[in-house]
Amino acid sequence: MKSNLQAGFTLIELMIVVAIIGILAAVALPAYTDYTIRARMSEVVLAAGNCRTSVTEAYQTGASPGAGNFGCESATQVTKYVASVATDVNGVITVTTTANTDLSTAASTAISLTPQDNASTNLTIAAGTPKTIGRWKCGPAAATPTPVKYLPTSCRG
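Residues numbered from 1 in each chain as written. Predicted model: local features only at pLDDT ≥ 70, side-chain atom pairs only at ≥ 80, totals over all residues. Heavy atoms only, no water.

## Concerning the pattern of salt bridges
So, point 1. By the definition in use, this model includes one salt bridge.
So, point 2. Between D102 and K80 there is a salt bridge, with the nearest N and O atoms lying 3.6 Å from each other. Here K80 lies in the loop between α2 (49–61) and β1 (82–87) and D102 lies in the loop between β2 (93–97) and β3 (110–116), a separation of 22 residues in the sequence. (Salt bridge = Lys/Arg side-chain N within 4 Å of Asp/Glu carboxyl O. Helix = DSSP H or I, 4+ residues; strand = E, 2+ residues; numbered from the N terminus.)

## Considerations on the state of the cysteines
So, point 1. Per the counting criterion, the structure on display carries two disulfides.
So, point 2. Here C51 pairs with C72 through a disulfide, and the sulfurs are 2.0 Å apart. Of note, the bridge from C51 to C72 carries an S-S torsion of about 105° and is right-handed in sense. One end of the pair, C51, is in helix α2; the other, C72, is in the loop between α2 and β1, and 21 residues separate them in sequence. Here the two residues C51 and C72 agree in accessibility, since each one is buried.
So, point 3. At a sulfur-sulfur separation of 1.7 Å, the disulfide partner of C138 is C155. Taking the torsion about the S-S bond as the criterion, the C138 to C155 disulfide, at about -65°, is left-handed. One end of the pair, C138, is in strand β4 (residues 135–140); the other, C155, is in the segment after β4, and 17 residues separate them in sequence.
So, point 4. Residue C138 is classed as buried on the basis of its relative accessible area of 6%.
So, point 5. Residue class for C155 comes out buried when judged on its relative accessible area of 1%. (Disulfide = S-S within 2.5 Å. Buried < 20%, exposed > 50% of the residue type's maximum accessible area, 1.4 Å probe, protein only.)

## Side note on the side chain of T114
So, point 1. Structurally, T114 is set in strand β3.
So, point 2. You can call T114 buried: its relative accessible area is 12%.
So, point 3. In contact with T114, not counting residues within four places along its chain, are V92, N122, R135, W136 and K137. (Contact = heavy atoms within 4.5 Å.)

Here it is, written out as structure tokens:
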């Protein structure tokens, strides 16, 4: 007597596998898109790095150079995704993104980095009074906020 051995997959089994792959792809593609935009927004956060150093030095000396005079600002496009970097009188750094469509709804928005003390209180520069910055609060700027889902996790407040 011969026994019949299964020689492959049935059509139903193959259709189930294809359906599972389709469902996984439908879930993964939007998550991957958000991830790539977050990676691009990391460049925007990094653009504030030079200003963080300049603002920190100003606080340590207790001398405010004034809004836009920390020596790290740029009113013109800095990189593919960074349109400008600006500071205010207290060293709050605002980085504006370009209108590049690679950024989706994060295009033409802004993030801000605010110097704070260890108690999470916003600092102000007082002439002749050196202070130490305990942390930087990073998040969407008030005027043109970047959607939080596109911010790197280190920049969500």
